[in-house]
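# Geometric and topological summary
Below, each chain spelled out in residue letters.
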Amino acid sequence: MAKLITTIVEFLKRKPSSSSSEAQLEQTNAPENLAVSSLLEATLAGMREGLLVVNKDMRVVASNAAAHKLFNPSVADLKSQRLTELTRNPAIYSAFLDGLKGVERSGVKVETHGPERQVFDLRVVPIGNTNGHGAEGALGVFFDITRTERLEIVRQEFLSNVSHELRTPLTAIIAFVETLETGAMEDPESSQRFLSIIRKNASRMHSLIDDILELTAIEGGNVRLTAAPLQLHTLVQDVCASFAAKAAAQDVTLKNNVPADVMVYADERRLEQMLTNLIDNGIKFSRERGTVAISYEPGTRDKILVQDNGDGIPAQHLERLFERFYRVDRARSRDMGGTGLGLAIVKHLALLHGGEVTVTSELGKGTTFTLHLPPDPRRSV
Ligand code: ADP
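A brief structural summary. All values derive from a computational prediction rather than experimental measurement. (Residues numbered from 1 in each chain as written. Predicted model: local features only at pLDDT ≥ 70, side-chain atom pairs only at ≥ 80, totals over all residues.)

The pairing of strand β7 (residues 253–256) with strand β9 (residues 291–297) spans four bridges and is parallel. By the bridge assignment for β9, K255 is matched with A293. By the bridge criterion, six bridges tie β9 to strand β10 (residues 302–308) in an arrangement that is antiparallel. When the sheet's bridge partners are listed, I294 is paired in β10 with V306. Connecting β9 to the antiparallel partner β10 that follows it, the hairpin turn spans four residues. (Pairing = 2+ DSSP bridges. Helix = DSSP H or I, 4+ residues; strand = E, 2+ residues; numbered from the N terminus.)

The next point concerns unusual backbone geometry. Phi at D251 is positive, roughly 60°, even though this residue is not glycine. Relative to the assigned elements, D251 resides in the loop between α10 (244–249) and β7. One non-glycine residue, F325, adopts positive backbone phi at about 65°. Checked against the element boundaries, F325 lands in the loop between α12 (315–318) and α13 (330–335).

When the terminal C-alpha atoms of helix α8 (residues 188–219) are compared, their 46 Å separation across 32 residues agrees well with the 46 Å that a helix rising 1.5 Å per residue should span. Buried residues along α8 sit against α7 (146–181) and α14 (342–352). G221 sits one or two residues past α8 and shows a positive phi near 75°. (Expected span 1.5 Å × (residues − 1). Contact = placed C-beta atoms within 7 Å.)

Looking now at the pairing of strand β12 (residues 366–373). Of all eight residues that make up β12, seven are buried, and the element is covered over most of its length. Here β10 pairs with β12 via seven bridges, running antiparallel. Residue L305 lies in a different strand from β12, and its bridge partner there is T370. As judged from the seven bridges shared by strand β11 (residues 356–362) and β12, these two strands associate in the antiparallel manner. Paired with E362 across the two strands is G366, which belongs to β12. Remark: three residues form the turn of the hairpin made by β11 and β12, two consecutive strands paired antiparallel; G364 in that turn has positive phi of roughly 80°. (Buried ≥ 20, exposed ≤ 12 C-beta atoms within 10 Å, placed from the backbone.)

Attention now goes to the sheet that holds strand β3 (residues 105–112). With antiparallel pairing, the five strands of this open sheet are ordered in space as β2-β1-β5-β4-β3. Across the chains shown, the open sheet's two edge strands, defined by having one partner strand only, are β2 (60–63) and β3. In this sheet, adjacent strand axes meet at a mean angle of 25° when their direction is disregarded. (Axes fitted to C-alpha atoms, helices over the stretch in contact; angles between N-to-C directions.)

Let's shift gears to the packing of α8 against α14. Packing of α8 against α14 brings their axes to within 10 Å, and their N-to-C directions diverge by 25°. Classed by the angle they form, the pair α8 and α14 counts as roughly parallel. Handedness of the crossing formed by α8 with α14: left-handed. Between α8, through D211, E214, L215, I218 and E219, and α14, the contact on the second element is made entirely by A344, I345, H348, L349 and L352. Split by residue class, the contact of α8 with α14 holds six nonpolar, one polar and three charged. (Parallel < 35°, antiparallel > 145°, perpendicular 65-115°, else oblique. Left-handed = near helix turned anticlockwise from the far one by under 90°. Nonpolar A, V, L, I, M, F, W, Y, C, P; charged D, E, K, R; others polar.)

What follows is about the site of the ligand. Taken together, 20 residues sit near the ligand, with F285, V328, S333, G338 and G342 positioned nearest. Of all the secondary-structure elements, those providing two or more residues to the shell around the ligand are α11 (268–284) and α14. Of the residues belonging to the shell around the ligand, the class tally is seven nonpolar, ten polar and three charged. (Near = placed C-beta within 6 Å.)

Here it is as structure tokens:
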């Protein structure tokens, strides 16, 4: 790459409409200037932001590697290229044009439309003499905001999903309170029924808020794991015990098939949380007189399997199952008090352990969720 800084310095020191004088070049090439210039050179070459300087004729006088990548031209060097030869984007052109008129521009949104869509925030400043006849040149910096934009879209979607999910139970609560207020309270049987609907919807909102806070904490990196070797059989036994009443009510049998001596390396509370979500789903989506079995398989990673013989999940849903709020049957999930966030929480907690969660399912036969956890790092030493 051409000596970018030297070029810019030369360009800036150049008297308007005259070429660089010998004296000026000598000054630019002084040893102390060269040391600073190569430091800046390295900095600019390593910058993620694209940097482009054009002269009065809209020809490139300097650029860095990121700018070259952004414009992706067939030529090896952008130098002397016309801006119009590099891009047809009118937003870029008009920003540089303003720069040459002596007007600073910022917040210009530039999108590329290749196979990989990128979004940039362009800032253009005039450089050199701005003597009433415009500037000597214009310097543009392209900030890559692709990731920020993507995160913003995800955040917007999440917010709109959350509002939608909260609005549904809230609407039901308001409707039933109004019904009670307008006379239903006189009838003890109806009022009892309506109150239990109100309670159900209120606790749905409660679970939803709990899950949202939990997921936000995990995703925001605010959950620290304290992993240690633990006895899996005992942990599974405890989780199964906490579901005894629910399983009995649905006539579902819980089977702990984990051998007593199996040790896994995990954060106890978080593993319990993952198993709770998976076993809860197993019971919820199981058939009457169904079974939810928890087992263990050794390997390069420890595998904990939660297997039910329920209705199974159609194949087209499996890929998106761990997304927030993704549900195969929205109405059924809501009816059972689901938030649609349980599996997203499991996924993030498994990732936090350095592992993952996978699913296999066969319609009419059942579903198996598998937690893959890395072994105790001290085990193999
Ligand atoms: P929910 O609160 O709805 O259970 P989850 O994130 O835990 O949310 O699960 C998402 C969806 O995945 C469920 O709504 C359901 O459609 C499907 N699902 C999860 N576990 C099972 C299972 N064991 N059998 C069948 N479907 C399941």
